[in-house]
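Descriptive structure summary
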Amino acid sequence: MKSFSVEEVAQHNKADDIWIIVDGKVFDVTKFLSEHPGGKKVLVKMAGKDATKKFQQFHNDAIMQRVGLPMQIGVIGEAKAEPVAAAPAAPAAPAAPAGGSAPPVANALSTRFGEGLPYGDPTWYQEWTSPYYNESHIRLRKVIREFVDKELMPYTHEWSEAKAIPREVVKRVGEMGFLAACSGAGTNPSVAHLMPYPLPAGIKPEEFDIFHEFICIDEIARAGSGGLLWALQGGLAIALPPVMNFAPEPIKNKVVPQCLAGEKFIALAITEPSAGSDVAGLKTAAVDKGDHFILNGEKKWITQGAYADYYVVAARTGGAGMGGVSLFLVERAWEGVEARYMDVMGMWGSGTSYITFEDVKVPKTHLIGELNHGFKYIMHNFNHERLGIVMQANRLARVCIEEAFKYSLKRKTFGVRLIDHPVLRNKFGHMIRQCEATHAWLENIMYQIKTLPHETQPSRLGGPIALLKAQSTQTLEFCAREAAQIFGGLAYTRGGQGEKIERIYREVRAYAIPGGSEEIMLDLGVRQALKNYEKSKL
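Residue positions within a chain follow its written sequence, with the count starting from 1. Totals for whole chains, interfaces and linings use all residues, but because this is a predicted model, local features are given only for residues with pLDDT of at least 70 and pairs of side-chain atoms are given and counted only at 80 or more. The basis for every side-chain value is the complete set of non-hydrogen atoms in the structure, without hydrogens or water.

**With respect to the overall build of the protein chain**
- Under the scheme used here, helices are H or I runs from DSSP no shorter than 4 residues and strands are E runs no shorter than 2 residues, and both carry numbers assigned from the N terminus. Tallying secondary structure elements over the protein chain gives 17 helices and 15 strands in all.
- Atoms considered for the radius of gyration are the C-alpha atoms alone. The globule rule reads 2.2 Å times the number of residues to the power 0.38. For 538 residues, the compact-globule estimate of 2.2 N^0.38 gives 24 Å, and the C-alpha radius of gyration of the protein chain, at 25 Å, lies within 12% of that figure.
- Note on areas: Shrake-Rupley with a 1.4 Å probe; residue coverage comes only from the protein chains shown. Carbon together with sulfur atoms contributes 56% to the accessible area of the protein chain, which is approximately 24,700 Å² in total.

**Here's the deal with the environment of A223**
- Within the secondary structure layout, A223 lies in the loop between α9 (210-221) and α10 (226-233).
- Burial status follows relative accessibility: with a 1.4 Å probe on protein chains alone, a residue under 20% of its type maximum counts as buried, one over 50% as exposed, and anything between as partly exposed. Overall, the relative accessible area of 0% leaves A223 in the buried class.
- When the C-alpha atoms of A223 and E385 are compared, they prove to be 20 Å apart, with 162 residues separating the residues in sequence.
- In what follows, a contact means two residues having at least one pair of non-hydrogen atoms within 4.5 Å. Leave out the neighbours within four places in its chain, and A223 touches M153, T156, L228, K500 and R503.

**What to know about the pattern of salt bridges**
- When a carboxyl oxygen of Asp or Glu is within 4 Å of a side-chain nitrogen of Lys or Arg, the pair counts as a salt bridge. Scanning the model with the defined rule gives 29 salt bridges in all.
- As a salt-bridge pair, E161 and R494 come within 2.9 Å of each other at their nearest N and O atoms. Linking E161 in helix α6 (residues 156-162) with R494 in the loop between α15 (457-487) and α16 (499-512), this pair joins segments that are 333 residues apart in sequence.
- Since its relative accessible area comes to 45%, R494 is described here as partly exposed.
- Of the charged contacts, one joins R481 and E482 as a salt bridge, the two residues approaching to 2.7 Å between their closest N and O atoms.

**Some remarks on the side chain of Q528**
- By secondary structure assignment, the location of Q528 is in helix α17 (residues 518-536).
- Judged by its relative accessible area of 15%, Q528 falls in the buried class.

**As for the confidence of the model for the protein chain**
- Values of pLDDT, ranging from 0 to 100, describe the predictor's confidence in every residue of the model. Averaged over every residue, the pLDDT of the protein chain is 91; residues scoring 70 or more account for 93%.
- Segment residues 79-102 is flagged for pLDDT under 50; beyond a separation of four residues in sequence, or across chains, it makes 12 contacts in the model.

**Let's talk about the sheet that holds strand β2 (residues 13-14)**
- A pair of strands is considered paired only if DSSP assigns at least 2 bridges between the two. Spatially, the 5 strands line up as an open sheet ordered β1-β5-β4-β3-β2, and their pairing is mixed. Two strands close off the open sheet at either side, each with one partner strand: β1 (3-4) and β2.
- Bridge count for β1 against strand β5 (residues 72-76) is 2 bridges, and the pairing is parallel. Residue pairing for β5: S3 is matched across the bridge by V75.

Dropping the structure here:
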């Protein structure tokens, strides 16, 4: 790219010829003058000058990526594209004991990653050792961060405001292997042959574990948009597992590859206008008519349902209660299936919908698993669903810390930076302690999922995961509030420096309620602990 001197830039200082400097880069903003949201005079005043401080004061990084870089014409001096410094080589991992597996290599040198902002990333990114991660996790983290920073984060606000994520973006995420990684397919050996694309970062299915899945979800959540996360995999992560685990082979072979490729969408249709956390009380019914069922009912607040091609529908096929529920794979194209968008507080772009089924003819080949066993299949994936919510919620809480910390370093009041006010450091202290505690609990539970016998996990982990979900969403709510206080009016404004905080604040309820409300989760966690304790005394 062409080099310019400061003196050369200074010559372009009129309204019909404006160059400015930002971070050592030279931009010709002449044609942008009338489009600048802050008006023409702001740019005219900086014509021919270094506008770095002003830009950083009023804009976030996404603006530079999306709007600024296309106007770049050169750099200052003899500067060239900055080479990316190679990370220090990781010390060789100790040899594994005879007959044992290789130990993790997540040590201080190999895990140094990111901007290094205090608590802006998990501690294993910031020169702490960890027993949970190895070289493949480190490799995956690098691949997905580069993808998110380049292809997702700069456009997140634009997509959120449009309330739609381009289809080609979802397909691109599928091609990268992230849909398989985030949906539970990566840790499910039975569907490895159905994955249309390899897992990301060259990771083999036999290597892939819950920590790899966590890294993918965690890094996408850095974009600061629950709506983006749910538009990519909100329905997929909760609707595809019942298909992968219990559907007939012909259904599985048809649906799984299409959804993991991002070519088709799938949604889980359980919640009803009158039945939310009370799954056993649902009223949608499927009546046996010999070689098919006739399905009638309504579903509400269904993520990705507005544009889904397939629905995994819970319907009553037997008596009252949990014993009379079955699951069906229903296709959107069938007669009698209607879905419409719902106008909701947050998660824009994720297709929250109201769905009606009127005399829908469902072939018996589309029954998932056994008749009247649907409640068991729903419960089978609840731990995974709730854990996904925890992963997302806690990174969004961390985003609040990161964005507020960055802002506090440059914003001044009463002559000092915000971070220099003790009362604001107190806010950060409370945000950090809650976020880090939640993260540590999450990693502990993921380790149990990785190591405990699968058949023991529902009874041993269901309660702790329920408590952790409540912990994570209350932490998110606290961090979103405190970050909004730190940003002030900027957090009340859609777009701009407080963009992520404003959006996250609106999305808190979407984490606190779905997957089991906080009240239900807290009660469930204690009830299960009591049940296991009393059982152990028998």
